[in-house]
Amino acid sequence: MVKDIVCGMGVEEDDPETFSKTHKGTVYYFCSPECMLMFAEDPDDYLNPKRKKTAMAKDPICGMDVDKINPPFTSIFKGVTYYFCSNPCKREFDREPEKFLRKKKDPE
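In this report, we go over the structure that sits alongside the text.

Thresholds applied
Residues numbered from 1 in each chain as written. Predicted model: local features only at pLDDT ≥ 70, side-chain atom pairs only at ≥ 80, totals over all residues. Heavy atoms only, no water. Buried < 20%, exposed > 50% of the residue type's maximum accessible area, 1.4 Å probe, protein only. Helix = DSSP H or I, 4+ residues; strand = E, 2+ residues; numbered from the N terminus. Arc of directions from axis to C-beta. 1 Å grid on protein atoms, 1.4 Å probe; cavity = no way out; pocket = protein on both sides within 12 Å on 5 of 7 lines; lining within 4 Å. Points joined across faces, edges and corners; volume = space filled by probe spheres on them. Nonpolar A, V, L, I, M, F, W, Y, C, P; charged D, E, K, R; others polar. Polar contact = N/O pair within 3.5 Å; in protein donor to acceptor, adjacent residues only side chain to side chain. Contact = heavy atoms within 4.5 Å. Core = buried A, V, L, I, M, F, W, Y, C linked by side-chain atoms within 4.5 Å. Salt bridge = Lys/Arg side-chain N within 4 Å of Asp/Glu carboxyl O.

### Some words on helix H3 (residues 87–95)
Along H3, the positions that sit buried rather than exposed are Cys89, Lys90 and Phe93. One side of H3 carries all its buried residues, which in axial view fall inside an arc of 100°.

Okay, structure coming up:
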């Protein structure tokens, strides 16, 4: 298992659902096409260990950290912006946001 350099999710290199991109002779693996495209736009930004941290939000579906300045996907519900790591997470939220937000507020 390797770590997606964009979102930090663990991915299997040989999984057919894993995406990859070669940059300067090194292969990088991604959990989604969105993460791969974000990396492809500015690889050095993700490879620089002194990368400036930006404002982050939690994807309300999967819990991944999402860059609020350059999020792959967002939805606005009742005036609040929600940030998503991928289109499947956004679609799940958009189907029934109230149901999801109600679950989030319920104590476990």
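### Here's the deal with the layout of surface pockets
Take a probe with the size of a water molecule and roll it over the atoms, and the empty space left behind shows itself. The computed volume of the second largest pocket comes to approximately 180 Å³. Forming the walls of the second largest pocket are Met9, Gly10, Val11, Glu12, Asp15, Glu17, Thr18, Cys31, Cys62, Met64 and Cys85. Partitioning the lining of the second largest pocket into residue classes produces six nonpolar, two polar and three charged.

### Describing the side chain of lysine 90
Relative to the elements of secondary structure, lysine 90 occurs in helix H3. Overall, the relative accessible area of 18% leaves lysine 90 in the buried class. Within the structure, lysine 90 has its side chain in polar contact with the backbone oxygen of threonine 74 (distance 3.2 Å). Discounting chain neighbours no more than four positions away, the residues touching lysine 90 are Phe73, Thr74, Ser75 and Phe84.

### Description of the side chain of threonine 18
Position of threonine 18 relative to the elements: it lies in the loop between strand E2 (10–11) and strand E3 (19–23). A distance of 2.7 Å separates the side chain of threonine 18 from the backbone oxygen of glutamate 12, its partner in a polar contact. Excluding its chain neighbours within four sequence positions, the residues that come into contact with threonine 18 are Val11, Glu12, Tyr29 and Phe30.

### Description of the nonpolar core
Counting residues in hydrophobic clusters, the biggest one holds 21 residues, and the most contacted among them are Val6, Phe30, Phe39, Tyr82, Phe93 and Leu101. Residue assignment for this core shows that the elements contributing at least two residues are strand E4 (26–30), helix H1 (33–41), strand E8 (80–84), H3 and helix H4 (97–105). A total of four residues in this core trace back to one element, the largest contributor, which is H1.

### Thoughts on the pattern of salt bridges
Within this structure, the stated rule accounts for five salt bridges. Across the pair aspartate 94 and lysine 90 runs a salt bridge whose closest N-O atoms are separated by 2.7 Å. On the criterion of helical spacing, the pair formed by aspartate 94 and lysine 90 is a turn pair, its members being four residues apart in helix H3. Residue aspartate 94 is classed as partly exposed on the basis of its relative accessible area, which comes to 37%.

### Some remarks on the environment of tyrosine 82
By the secondary structure assignment, tyrosine 82 is in strand E8. Residue class for tyrosine 82 comes out buried when judged on its relative accessible area of 16%. Tyrosine 82 sits 23 residues away from aspartate 59 along the chain, and the two C-alpha atoms are 7.3 Å apart. Those residues in contact with tyrosine 82 that lie beyond four places of it in its chain are Pro60, Phe73, Thr74, Ser75, Phe77, Phe93 and Leu101.

### Some points on H1
Three- or four-residue spacings in an α-helix give side chains the same orientation, since the helix completes a turn every 3.6 residues. Considered for burial, the residues of H1 that qualify are Glu34, Cys35, Met36, Met38 and Phe39. Buried residues in H1 make contact with E3, E4, helix H2 (43–47), strand E7 (73–77) and H3.

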